[in-house]
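# Chains, contacts and geometry: an overview
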Amino acid sequence: MAKLPTDISDLVKQFGPSLHRVPPGGWADTREDDKLVKTHCCFCGQQCGIQLRVQNNKVVGFEPWEDWPFNRGKLCPKGIKRYMQDEHPDRLKSPLARVEGKGFEPIGWDAALDRVVSEIKRIQERYGKDSFAFLTGASLTNEKAYLMGKFARVALQTANIDYNGRLCMVSSATASKKVFGIDRSGNPWSDIVAADVILVAGANISECAPITTDYIWRARDRGAKLIVTDPRMTPIARNADLYIPVRPGGDIGVFNGMLHVMIKRGWIDREYIAQHTTGFEEVARAVEKYTPEFAAKIAGVPSEMIIRAAELFGPAKTSFVLHAKGIEHHSKGVENCIAVMSLVLASGRLGREGCGYAMITGQGNGQGAREQGGKCDQLPGNRDISNPEHRKYIAGVWGVPEESLPQKGLSAIPLVEAIHEGRIKGLISICFNPVVSLPDANFTREAFDKLEFYTNIDFFLSETSRYADIVLAGSLMEEDEGTTTNTEGRVIRHRKVVSPPEGAWEDWKIICEIARRLGHGDKFNYSGPREIFDELRVASKGGVSDYFGMTWDKIEKNNGICWPCPTLDHPGTPRLYEGGKFGHPDGKAHFIPVEWRPSAEMPDAEYPIILTTGRVVAHFLSGTQTRRIGALMDQAPEPFCELHPVLAEKLGIIDDDYVKVESRRGSVVVHARVVKTIRPDTVFIPYHWPLDRSANNLTIRALDPQSLIPEYKVCAVRVFKTDAPDDAIASLEVQAGGIR
Amino acid sequence: MKNAEFFIDYSRCIGCEACVQACGECDTHRGVSMIHLETIARRESVQTAPQICMHCEDPICAQVCPADAIKKTPDGVVQSSLKPRCIGCSNCVMSCPFGVPKYQIDIDQMMKCDMCYDRSSVGKKPMCATVCPSGALTYTTMQDIQRTRRGIPINEWKFGGEVVHTKVYVMVPPEVERVDINLVQIANTDAALPRDPYDVALMLENA
Amino acid sequence: MKKDIRNIARASGSDTMHATTWGLLATAALIGGILVGSRGLRYFDPALVSYAGATLFAAFGLGYRFSMWLRRPPTRLYWFRGWEIFLQPHRFFGNLAHLFEIVWSNIVLQRFIGRRSRMRWTAHWFLAWGCLMAAAITFPLSFGWLHFETLRSSQQIYRAFLFGIPIVQFPVHSIVAELMFNALDIAAVMVLIGVFAALWRRGRDHGAMAVQQFADDLMPLILLFAISITGLFLTASTHLMQGLHYTFLSQLHAITVIITLLYLPFGKFFHIFQRPAQLGVDFYKRAGVEGEQAVCIRCGSMYGSRMHMDDLKRVQAALNINYQLANDTHYQDVCPPCRRKNLALIQDNMWKSTASES
């Protein structure tokens, strides 16, 4: 019964999103803080240090934390205003039960949990264990992520657990494992500063990882050159030394073309290649045909740009490559990453100061969440769920027979497809808002309509929670404690700032209680997250991401510790691959040849324009949190469609017109933003808004065959001018999906 | 931070508005942001720029104030208007060469950046310069800026015939001695530069 | 503007001479007022002579300071423009109505302060009306303008005289009498409420604590506190302690009042005289909205009144601020947002020029 219980406007009226603007006690009040708690921003994988001001167990304000080495007090607007999610009027303070025709009504915890457990049992008895699935998230702490993985495998005993990191990091993770043998950024961010040339490939750093701007400028102040590839001229691209406006999906053209030139001109490190890598000859053969002219056709840019990029990157003494979703959100996302990694390997510039590469994590704990077992094919410690040795070890830690551990399950998109096909009947989710964040949103909504039972743990009633039968009131990041692993692979400590409001529970308590009621209480008998972490350490011991040598106290004392950290006296490993030692059994890095191929849906006569999607600086992911913060909504109230004046003129569109953007899967109506800073064959819409304002109504459910990441960055659309919409959705407040 | 100065480098701004959001968090402003963040011309480029009070040595805002409402502290910080005096006439708003003071219609008063006096007067950094992730706004010592930046800090400006010295420095390429505003630029008028430097379509023309 | 030979923002002659003259005039006018109002000192109370003397000094100071202040180009311009606009025949009655409105809302109710913060309003309203009430009683008393006598026919009836003319009479034991004779105590209590509210705010408000200065912000509160508390002691001494230490207390009270009077022209209290003088700005702004608007030469948007921009050019000329640009353009004709954008463009281009060279 997972259809919406009542009209969306009724639900919005009752549960928001509404805007929170003024801290408790008001601006004019004179605030004497009870305490100032050092913790981290939850909005992105950089995990900047912040301090929260607390008064009477309420978060009343914010203060920069200048001693935290990663961001030294620097922040983006999200980090500053994130405290406005505390004391929010929309906050869920009790479990809710769906009431047909009415919406939701508060119920007691006992009744709610009984209902959840009896539905899990009913569905699993009737349709099999795997018919009840679990979707979890990458913004949870390591402790929670670990618990979710264990809960799915031990208590639910379902193979079908996956996480929203599937929408984020999996391409780079897969590529990194294949090429280097380890899934992690190779270097700490401090190495960016020491680089002579920086290649930013498909990363809108100024909006999605703003703090990294500081590192790049510190390098540029030393004289470093900056190369940026992006279909849109982003703020850091504006004054880069070289900006390459690559066609969405044409990245391999740039990378293979650059490698071609570098080989031709002798700007590769043959000695390094010989000693520390395998497979270079195949790659060299593969890029042979990627002459600048050929490569330029694929990339959709002038060939001089590719030559110039090679000239800047090739002969440099030190270099750093940063990449993100711009090359990863593709049906060839893994190959895109491999191609850029080949550049790094061929230059021999990695594993030392100022030399290396990093993948920028989008989600709060994108790195950690996949290591601890939120991913359908992984067990804690980055272990492989289909590897008998790995299974045995984890089964031992958990005290369950190895045979009882499920095998690899479905990843996020196939999981939702299985719901749509009726193969999965029940779902529990946490920290995931799929009806906004998954591609092809109309399909996702249809799938949720078909669930027999859906329960969701959340602190606000997200767009997806509206489909739930039971909503369990969970906790915000600052209402619980634990660790996350930031984009550098650095494990850091999140302190408990306040306790959850009366009626809401810490997430781990909810999960443990469900497990207990399912009859697995003995395996989930924790006194708190610290105990979960201690078990996680053991579970990760001997794995690739080894946390065994870390304790919370040690993490705090050292301002975070980078894995692997195998023993208690080990200082951690900020920089990987030192001395050319890689993660593969042969100790070498593996060159892998990649060929460009078209994206799943290329523009054609019917849908002639490429749509690419992304973020704005004021919002985080599906916007459940940031669309509730007044100051951030003021900064970015609505989505928009960026298009070039050349294209706009062809379509008869002027700035601020209402435009309808349509793909084979759906449409949105948004305002046009006519700008010269985007390719004329491409339009851009940010994806943080729901319903008729959701860019994911348009995007395609095409997946990378290796990483199973969806192709958010390329699909075919048409755009035309339209009238101001006046339907019920359009007249909602903008944070709920309306338009003004 | 002892002997710290404020340095501004418009060209680095990424338009994230962290400064705007942080400004309102300061106890001397409380929910009202005093900093300006300009989007220069969004159709043409993504260029944005912050503007804080430059804290002139001889502030024109104070000179044109009919109510003696704008005062400078002994350490050279030009304060927001004195509430008992300010009459909301906007002389300062319209005369400031940097376009800094803001007329707050709800309280019929001028308010402006005071370098977060509650913070900077006790050795803390102003909010905006603490959070700015691009280095467009920096609060540090002169030695530190000279050591770490490729440009030089200057604090002399000329608006038509008016020479203005400011407490806040601007980062410029070496050898520039003064920022001279003798002609208001509608767009880029420097002949050495491409006419439309941020037009992606022009960049792709010979693709 | 070039035709404008005489710049009204620019005052001629020596500042000190003018100010001294106005100071002396104010003092002379007050002396005249005292002589006439007390009917040739017939009703002047010699016991209050020190108060009257301090007031005369304050009058000189205020006249001097006021004149000095009005000679500053921006003040001078608004002063003349304000009267000019106020007295325009076609606006006059409208202006009069508006004057009543803003006096009521800005001075009587002080609504504009309430919009800044409620605590600030509470403090200021009690301070302001406590002081004004006290002043309305003590000044006429010390000048001999106001005195009380019992009726010859009945010791039970009091009669109040203003300028020697009987204006009202009331029984000694009536509520009116109680209010009348305790008015200064009521005023003192109001002032004390205001002082404590202000100190409470200043002691807790982080923002206020950062910017407040002793001489400007705390000194006036201390003075008002001293006057009020010594005044209340006098009442207490009379009614509760059979006149204990009365002479000493009355001298102490006199000293606090005299110090405050001497401080009047120089410190924070001067705003009491400045603020009403600047009601004219309100009329100026209204006239500006109705008149021609200034259009920015860079972006073409309206950003204020033409009159304001032209007057600012006059003020700047009087202050020797030279905003004349090349090409016969003037920086005053660029709107503030365009000034900011222009600066950013110029600085950004400096960097681009160096980048294209390298």
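Scoring rules and cut-offs
Each chain has its residues counted from 1, running along the sequence as written. Naming scheme: in the order in which they are written, chains are lettered from A and ligands are numbered from 1. The predicted nature of this model means local features are confined to residues of pLDDT at least 70 and side-chain atom pairs, given and counted, to a pLDDT of 80 or more, with totals for whole chains, interfaces and linings taken over all residues. Strands here mean DSSP runs of E at least two residues long; helices mean DSSP runs of H or I at least four residues long; both are numbered from the N terminus. In this treatment the radius of gyration is a C-alpha quantity, and the globule benchmark scales as 2.2 Å times the residue count to the 0.38 power. The exposure label follows from counting other C-beta atoms within 10 Å of a residue's C-beta, where the C-beta atoms are placed from the backbone and the thresholds are 20 or more for buried and 12 or fewer for exposed, leaving partly exposed in between. Working definition of a contact: two residues with C-beta atoms, positioned from the backbone, lying within 7 Å. Should DSSP find at least two bridges between two strands, the strands are regarded as paired. Fitted lines through C-alpha atoms serve as axes, helices being fitted only where they are in contact, and the angles separating the N-to-C directions of these axes extend from 0 to 180 degrees. Any angle that is under 35 degrees is reported as roughly parallel, and any over 145 degrees as roughly antiparallel; angles of 65 to 115 degrees are reported as roughly perpendicular and all others as oblique. A clockwise turn of the near helix away from the far one marks a right-handed crossing, whereas an anticlockwise turn of less than a right angle marks a left-handed crossing. Three residue categories are used. Nonpolar comprises Ala, Val, Leu, Ile, Met, Phe, Trp, Tyr, Cys and Pro, charged comprises Asp, Glu, Lys and Arg, and polar comprises the others, including Gly. Start and end positions for the domains come from either an automated domain assignment or a database one. Core membership is restricted to buried Ala, Val, Leu, Ile, Met, Phe, Trp, Tyr and Cys residues, and these are joined into a nonpolar core through C-beta atoms within 7 Å. The directions from the helix axis to the C-beta atoms are what the arc is built from. Think of it this way: the bend at a residue is just the angle between two axes, each fitted to seven residues, one set ending at that residue and the other starting at it. Values of pLDDT, ranging from 0 to 100, describe the predictor's confidence in every residue of the model.

## Digging into the overall build of chain B
Along its length, chain B carries seven helices and nine strands. At 18 Å, chain B has a C-alpha radius of gyration in line with the 17 Å of a compact globule built from 207 residues. Along the longest, intermediate and shortest principal axes, the C-alpha atoms of chain B span 65 × 35 × 35 Å. Relative to its 207 residues, chain B shows a buried fraction of 60%. Across chain B, the fraction of contacts at a sequence separation of at least 24, relative to all contacts at a separation of at least 6, is 52%.

## Topic: the overall build of chain A
Secondary structure summary: chain A contains 26 helices and 28 strands in total. Radius of gyration (C-alpha) of chain A: 24 Å, near the 27 Å computed for a compact globule of 740 residues. Judged by the C-alpha coordinates and their principal axes, chain A covers about 70 × 65 × 60 Å. A buried classification covers 65% of the 740 residues belonging to chain A. Taking as baseline every contact in chain A between residues at least 6 positions apart, the subset at least 24 positions apart corresponds to 74%.

## Remarks on the pairing of strand E1 (residues 4-8) of chain B
All names here are of chain B. Pairing of E1 with strand E6 (residues 137-141), which is carried by five bridges, proceeds in the antiparallel orientation. Bridged to Phe6 within E6 is Tyr139. As defined by bridge partners, E1 adjoins strand E8 (residues 162-172) across two bridges and the pair is classed as parallel. Each residue of the ladder has a partner; that of Phe7, found in E8, is Tyr169.

## Section: the packing of helix H3 (residues 73-87) of chain C against helix H12 (residues 279-290) of chain C
All names here are of chain C. At a closest axis distance of 8 Å, the pairing of H3 and H12 adopts a crossing angle of 65°. The angle between H3 and H12 falls in the class roughly perpendicular. The hand of the H3/H12 crossing is left-handed. Contacts from Tyr78, Trp79, Arg81, Gly82, Trp83, Ile85 and Phe86 in H3 reach Gly280, Val281, Phe283, Tyr284 and Ala287 in H12. Residue composition of the contact of H3 with H12, by class: nine nonpolar, two polar and one charged.

## Re unusual backbone geometry
Put simply, Gly16 of chain A and Pro17 of chain A share a cis peptide bond, and its omega is 10°. With respect to the helices, strands and loops of the structure, Pro17 of chain A is situated in the loop between helix H1 (8-15) and strand E1 (35-40). In the Ramachandran plot, Arg39 of chain C falls in the positive-phi region, its phi being about 55° despite a non-glycine side chain. Here Arg39 of chain C lies in the loop between helix H1 (15-37) and helix H2 (49-70).

## Comments concerning the sheet that holds strand E3 (residues 165-171) of chain C
All names here are of chain C. Strand order in this open sheet of three strands is E1-E2-E3, and the pairing throughout is antiparallel. Each having just a single partner strand, strand E1 (146-150) and E3 make up the two edges of the open sheet. This sheet shows a mean twist of 25° between the axes of neighbouring strands, independent of strand direction. Where E1 and strand E2 (residues 157-162) come together, five bridges link them in antiparallel fashion. Residue Phe148 lies in a different strand from E2, and its bridge partner there is Ala160.

## Overview of the domain arrangement of chain A
Residue and element names in this part refer to chain A. Under the domain assignment used here, chain A contains domain 1 (21-85), domain 2 (96-168 + 365-531), domain 3 (182-359) and domain 4 (609-736). Inter-centroid distance (C-alpha atoms) of domain 3 to domain 4 is 28 Å. Counting residues at the interface gives 19 residues for domain 3 and 24 residues for domain 4. Its residues assigned to classes, the side of domain 3 that touches domain 4 shows seven nonpolar, seven polar and five charged.

## Here we look at the sheet that holds strand E17 (residues 453-458) of chain A
Residues and elements named next belong to chain A. Taken together, seven strands build an open sheet; the order of strands is E5-E4-E18-E17-E16-E6-E7 and the sheet is mixed. The strands lining the two open edges of the sheet, one partner per strand, are strand E5 (103-106) and strand E7 (161-163). Taken pair by pair, the neighbouring strands of this sheet meet at an average axis angle of 20°, ignoring direction. Where strand E16 (residues 426-430) lies against E17, five bridges are found, and the strand directions are parallel. Bridge assignment links Ser429 to a residue of E17, and that residue is Asn456.

## Here's the deal with the pairing of strand E18 (residues 470-473) of chain A
Residues and elements named next belong to chain A. Burial along E18 is two-sided: Ile470 and Leu472 facing one way and Val471 and Ala473 facing the other are all buried. Judged from the two bridges that link them, strand E4 (residues 96-99) and E18 form a sheet pairing that is antiparallel. Its bridge partner lying in E18, Ala97 is registered against Ile470. In the sheet, E17 pairs with E18 via four bridges, with the strands oriented parallel. Pairing of Asn456 across the sheet is with Val471, part of E18.

## Quick word on the nonpolar core
Core analysis: the largest hydrophobic core is formed by 344 residues, its most contacted members being Ile198, Val200, Met258, Ile306 and Val661 of chain A together with Cys19 and Cys128 of chain B. With residues up to four places along the chain from it excluded, the contact list for Ile306 of chain A reads Val254, Gly257, Met258, Val261, Pro292, Ala295, Ala296 and Ala299 of chain A. Of all hydrophobic cores here, the second largest spans 31 residues; its members include Ala26, Leu30, Leu62 and Phe269 of chain C.

## Examining helix H21 (residues 441-449) of chain A
The set of residues buried in H21 of chain A consists of Ala441, Thr444, Arg445, Ala447 and Phe448 of chain A. Seen along its axis, H21 of chain A keeps its buried residues to an arc of 160°; they face one direction.

## Examining the environment of Tyr64 of chain C
All names here are of chain C. Position of Tyr64 relative to the elements: it lies in helix H2. Given 21 C-beta atoms within a 10 Å radius, Tyr64 is considered buried. C-alpha of Tyr64 to C-alpha of Thr20: the two residues are 44 residues apart in sequence and 5.6 Å apart in space. The residues contacting Tyr64, other than those within four sequence positions of it, are Ala19, Thr20, Trp22 and Gly23.

## Description of helix H7 (residues 175-204) of chain C
All names here are of chain C. Taken as a whole, H7 carries its principal kink of about 60° at Asn182. Taken together, the buried positions of H7 are Leu184, Ala187, Ala188, Met190, Val191, Gly194, Val195 and Ala198. Those residues of H7 that are buried are in contact with helix H6 (118-143) and helix H9 (214-240).

## Brief notes about the environment of Asp534 of chain A
All names here are of chain A. Looking at the element boundaries, Asp534 is found in helix H23 (residues 529-540). Owing to 14 C-beta atoms within 10 Å, Asp534 belongs among the partly exposed residues under this scheme. Between the alpha carbons of Asp534 and Gly257 there is a distance of 48 Å; along the sequence they are 277 residues apart.

## Some words on the packing of H6 of chain C against H7 of chain C
Residue and element names in this part refer to chain C. Where H6 meets H7, the axes come as close as 7 Å, and the angle between the chain directions of the two elements is 155°. On the basis of their axis angle, the class for H6 and H7 is roughly antiparallel. As for the relative orientation of H6 and H7, their crossing is left-handed in sense. Class assignment for the residues of the contact of H6 with H7 results in 18 nonpolar, four polar and two charged.

## A few points about the confidence of the model for chain B
Residues and elements named next belong to chain B. Overall, the predicted model of chain B reaches an average pLDDT of 90, with 93% of residues at or above 70. Of the regions scoring below 50 in pLDDT, residues 187-192 engages in eight contacts with residues more than four places distant in sequence or in other chains. Reported confidences for the modelled complex are a pTM of 0.92 and an ipTM of 0.94.

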